[in-house]
Amino acid sequence: MAAASLLPYGDFHRSRGSTVPLDFLKRKPGPGPAGPGGTRAASSVVPEEAIAQEYQLKLYYAGKSSEGVRMTAGPRALVELPSMLVGLAQSEIEVVEPLPIEFSQATPVISHPSEAMQWLNAHHVHSPITRHALVVLESIDAIDLAFDTFVSALLDGEIDTSGYPEYNAIVGGVASHWDETTGDMIVRAVVGWGGKGVRGDTDRIGAKLLGGLLTNILANQYAVGLTPIERPVPAAGRGGLVCAHCGFASAHDRAFYCPKCGMRLLRG
């Protein structure tokens, strides 16, 4: 009996003429889809709702424009435009002239590659502040460089390490175009701001700066008074009228006055 106690459990009972089956220790295969060769593969559990990583980008652009002020000096009034930002500009004042005909399709919209490339080629010489101002104001249709001359600067706020204004910084200045009826220059104040964010008091600061710019315009020696703004609309056509005085190619063929120098266009 002592020798039998050293045998394994199964051998001990086999030696006494009985066997205990060990099938209860085996795992029974569970139900599942049949795999190659008739075997069943483990089933995957499909969740009722997919877990998604969410991404979102909100761009907010806003701006304000004043009434127009009529200037009677003709082309001589162009040199007066930068002085209208004195006392309000916090950066260098830059002048952006109307675009010639080869840049007539330029827009700051990355989804239109050819137009965006035109825009970059036309404005790469300007500072980050002016380029930011053009993106904001052209995007909201506050200015149109087919006929506008735009004088720009940083008016309020900070710039980032790359030199671009923060989303709550205010940029702008004055925009002018030539009255197609009288040849007088019409000047208006324009400000804009925006980007990846919005601040509540930016609108109030922008309105205050707009009033200051309009005061400077009206204080100019050539200012006559407020006038309704009737911005020219470039007409479809062959375009490309060339000013005999400054050599600028107009954006449309029905213009009477050069968008750049204000002189009357000569027609052959």
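The structure presented is a predicted model; accordingly, all values stated were derived computationally and were not measured.

Enquirer: Looking at this model, I keep getting lost on the overall build of the chain. Mind explaining?
Expert: On a plain count of helices and strands, the chain comes out with four helices and seven strands. Along the chain, helices (α) and strands (β) appear in the sequence α-β-β-β-α-α-β-β-β-α-β when read from the amino end. In the chain, which comprises 268 residues, the share counted as buried stands at 39%. Once local pairs closer than 6 in sequence are excluded, the contacts in the chain between residues at least 24 apart make up 63%.

Enquirer: Please explain the pattern of salt bridges as it appears in this structure.
Expert: Where side chains of opposite charge bring their charged atoms close, a pairing between them can arise. All chains considered together, the criterion is met by five salt bridges. Ionic pairing is found between K64 and D203, a salt bridge with its closest N-O pair at 3.4 Å. Of the two residues, K64 is situated in strand β1 (residues 60-65) and D203 in helix α4 (residues 202-218); the sequence distance between them amounts to 139 residues. The partner of R204 in a salt bridge is D201, and the shortest N-O contact between them spans 3.9 Å. You can call R204 exposed: its relative accessible area is 54%. For D201, a relative accessible area of 28% gives the class partly exposed. Within this structure, R70, D179 and D184 form a network of salt bridges that share partners.

Enquirer: When you look at the nonpolar core in this model, what are you seeing that I'm missing?
Expert: Looking at soluble globular proteins, one finds that nonpolar side chains tend to be buried together. Ranked by internal contacts, the top residues of the largest apolar core, which has 26 residues, are M84, V174 and V187. Going through the elements one at a time, β2 (68-71), β4 (149-156), β5 (170-178), β6 (185-195) and α4 are the ones with two or more residues in this core. Dropping the residues within four chain positions of it, M84 is found in contact with M71, V174, V187, L213, N216, I217 and N220. Counting residues in hydrophobic clusters, the runner-up holds 18 residues, among them L99, L134, A169 and A175.

Enquirer: Honestly, helix α2 (residues 113-123) in this entry has me stumped. Any pointers?
Expert: Each α-helix turn comprises 3.6 residues. Residues three or four places apart therefore point the same way. For α2, the complete set of buried residues consists of A116, W119, A122 and H123. Across the axial projection of α2, the buried residues extend over an arc of 125°, all falling on one side. For α2, the exposed residues set more than 90 degrees away from the buried face come down to P113 and S114. Of the surrounding secondary structure, the elements contacted by the buried residues of α2 are β3 (94-96) and α3 (128-139).

Enquirer: What's the story with the environment of P82 in this structure? I'm lost.
Expert: Among the structural elements, P82 can be located in the loop between β2 and β3. Along the sequence, P82 and V151 sit 69 residues apart, while their C-alpha atoms lie 6.4 Å from each other. Apart from the residues within four sequence positions on either side, P82 is in contact with I93, V95 and V151.

Enquirer: Before we go on, may I ask you to explain the environment of P75 in this structure?
Expert: Along the chain, P75 turns up in the loop between β2 and β3. The class for P75 is partly exposed, based on a relative accessible area of 32%. Taking C-alpha positions, P75 is 7.0 Å from M263, a pair spaced 188 residues apart along the chain. Setting aside anything within four residues of it in sequence, one finds P75 in contact with W178, C261, G262 and M263.

Enquirer: Explain unusual backbone geometry here, please?
Expert: Comment: phi is negative for the bulk of residues other than glycine, and the bulk of peptide bonds are trans. Phi at D141 is positive, roughly 65°, even though this residue is not glycine. Residue placement: D141 occurs in the loop between α3 and β4.

Enquirer: What is the right way to look at α4 in this model?
Expert: In this model α4 runs 24 Å from its N-terminal to its C-terminal C-alpha over 17 residues, within 8% of the 24 Å that 1.5 Å per residue would give. For α4, the secondary structure elements touched by its buried residues are β1, β2, β4, β5, β6 and β7 (223-227).

Enquirer: Even after reading the chapter, I still don't get the environment of F103, so can you show me in this structure?
Expert: Within the fold, F103 resides in the loop between β3 and α2. Along the chain, F103 and L120 lie 17 residues apart, while their C-alpha atoms are 10.0 Å from each other. The contacts of F103, once residues within four sequence positions are left out, are Q118, N121 and A122.

Enquirer: Sorry if this is basic, but what is going on with the side chain of S152 here?
Expert: The topology assignment puts S152 in strand β4. Excluding residues that lie within four positions of it along the chain, S152 makes contacts with L85, E92, I93, E94, T130, A133 and G172.

Enquirer: Teacher, can you tell me more about the side chain of H123 here?
Expert: Mapped onto the secondary structure, H123 falls in helix α2. Once residues within four sequence positions are removed from consideration, H123 is found in contact with V96, L99, R131, L134, E138 and L145.

Conventions and cut-offs
- Residues numbered from 1 in each chain as written.
- Predicted model: local features only at pLDDT ≥ 70, side-chain atom pairs only at ≥ 80, totals over all residues.
- Heavy atoms only, no water.
- Helix = DSSP H or I, 4+ residues; strand = E, 2+ residues; numbered from the N terminus.
- Buried < 20%, exposed > 50% of the residue type's maximum accessible area, 1.4 Å probe, protein only.
- Contact = heavy atoms within 4.5 Å.
- Salt bridge = Lys/Arg side-chain N within 4 Å of Asp/Glu carboxyl O.
- Core = buried A, V, L, I, M, F, W, Y, C linked by side-chain atoms within 4.5 Å.
- Arc of directions from axis to C-beta.
- Expected span 1.5 Å × (residues − 1).

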